[in-house]
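Observations on chain architecture
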Amino acid sequence: MFEDDPIGDLPAATLCHLLRGAAGNVQPDDDGGPDADEALLIHKKRGVGSGQWVGPGGKVEPGETVRECVIREVREEVGIDVLDPEKVGVFVYRSDDWDAVIHVFRATEYAGTPEETEEADPRWFPVDDIPFDEMWQTDREWLPNVLDGGTFRGRFVYSDGEPQEVSLETGVTPSV
Ligand SMILES: Nc1nc2c([nH]c(=O)n2[C@H]2C[C@H](O)[C@@H](COP(=O)(O)OP(=O)(O)OP(=O)(O)O)O2)c(=O)[nH]1
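- The name given to the protein chain in an unreviewed UniProt entry is Oxidized purine nucleoside triphosphate hydrolase, with Halolamina salifodinae as the source organism.
- UniProt, in the comment section headed Subunit (unreviewed entry), describes the protein chain in these words: "Monomer."

A short note on the overall build of the protein chain
- Within the protein chain one finds 2 helices and 12 strands.
- Counting from the amino terminus, helix and strand elements in the protein chain follow one another as β-β-β-β-β-α-β-β-β-β-β-α-β-β.
- Rg of the C-alpha trace for the protein chain: 15 Å, near the compact-globule value of 16 Å for 176 residues, within the 12% margin.
- By principal-axis analysis of the C-alpha atoms, the protein chain measures approximately 45 × 40 × 35 Å.
- The buried share among the 176 residues of the protein chain stands at 47%.
- Of the roughly 8800 Å² of accessible surface on the protein chain, 42% is carried by carbon and sulfur atoms.
- Within the protein chain, the 39 negative side-chain charges are centred at a point lying 4 Å from the centre of the 15 positive side-chain charges.

Considerations on the packing of aromatic side chains
- Across all of its chains, the model carries 9 aromatic pairs by this definition.
- Between the aromatic rings of Y93 and Y158, the centroid separation amounts to 5.3 Å while the plane-to-plane angle is 40 degrees, which identifies the pairing as tilted. Taken together, the residues Y93 in strand β7 (residues 86–94) and Y158 in strand β11 (residues 152–159) connect sequence positions 65 residues apart.
- When its relative accessible area of 7% is taken as the criterion, Y93 is described as buried.
- Positioned above the aromatic ring of W98 is the side chain of K59, whose terminal nitrogen or guanidinium carbon lies 5.1 Å from the ring centre.

Reading the values: the criteria
- Residues numbered from 1 in each chain as written.
- Predicted model: local features only at pLDDT ≥ 70, side-chain atom pairs only at ≥ 80, totals over all residues.
- Heavy atoms only, no water.
- UniProt positions renumbered as here; feature names shortened; annotations may be inferred.
- Helix = DSSP H or I, 4+ residues; strand = E, 2+ residues; numbered from the N terminus.
- Rg over C-alpha atoms; globule rule 2.2 N^0.38 Å.
- Buried < 20%, exposed > 50% of the residue type's maximum accessible area, 1.4 Å probe, protein only.
- Areas by Shrake-Rupley, 256 points an atom, 1.4 Å probe, with all protein chains shown as cover.
- Lys, Arg positive; Asp, Glu negative; His and termini not counted.
- Charge placed at Lys NZ, Arg CZ, Asp CG, Glu CD.
- Phe/Tyr/Trp six-rings, centres within 6.5 Å; stacked < 30°, edge-to-face > 60°.
- Lys NZ or Arg CZ within 6 Å of the ring centre and 35° of its normal.

This is the structure we're talking about:
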């Protein structure tokens with residue numbers, strides 16, 4: 001799937017999908033995945049994807065691991081500390097103005113309460129009522145699976161803001 005992409009040469013970025021149950025904590029369901037009621041999204045105020053709902057995250061800085069990046073970005077954007085980031089997916093994103101390899105994490109344990117910042121307005125959404133119409137179009141291809149405990153890798157090529165190529169493989173173990 002990634003044969004055409006010099007993955008090591010592309011800028012890296014992260015996304016985090018935080019889950020909570022009705023009682024706050026998340027227990028495993030029958031399949032061993034998280035049995036969550038709600039997922040945290042941010043309404044992004046600036047940068048790539050501003051004006052849309054998206055998981056918190058951002059660009060990996062020089063000398064930083066993707067895991068360090070996702071913890072830093074969630075803290076900067078919504079003011080909480082993620083305790084158990086689990087890498088569950090990776091995708092190549094290509095567009096007219098920004099190419100990247102994006103590492104997707106899921107987490108169920110964190111410290112603090114999400115707060116609005118200059119970058120982001122956070123809100124918990126029911127996992128069966130995610131605002132896909134106000135998100136990156138290809139997120140609807142993989143996010144339900146991630147919220148349900150799955151893993152994936154993908155490649156999404158956009159032009160003029162519209163997806164032109166969509167490749168997706170689920171049930172893979174993403175390398176970190
Ligand atoms: N959900 C989703 N997020 C995407 C897609 N493509 C894409 O680049 N992103 C995300 C990955 C990063 O979290 C974010 C781009 O980084 P950013 O602009 O937020 O980076 P940053 O916080 O470091 O911002 P800055 O300092 O450069 O302003 O966009 C996509 O197709 N779906």
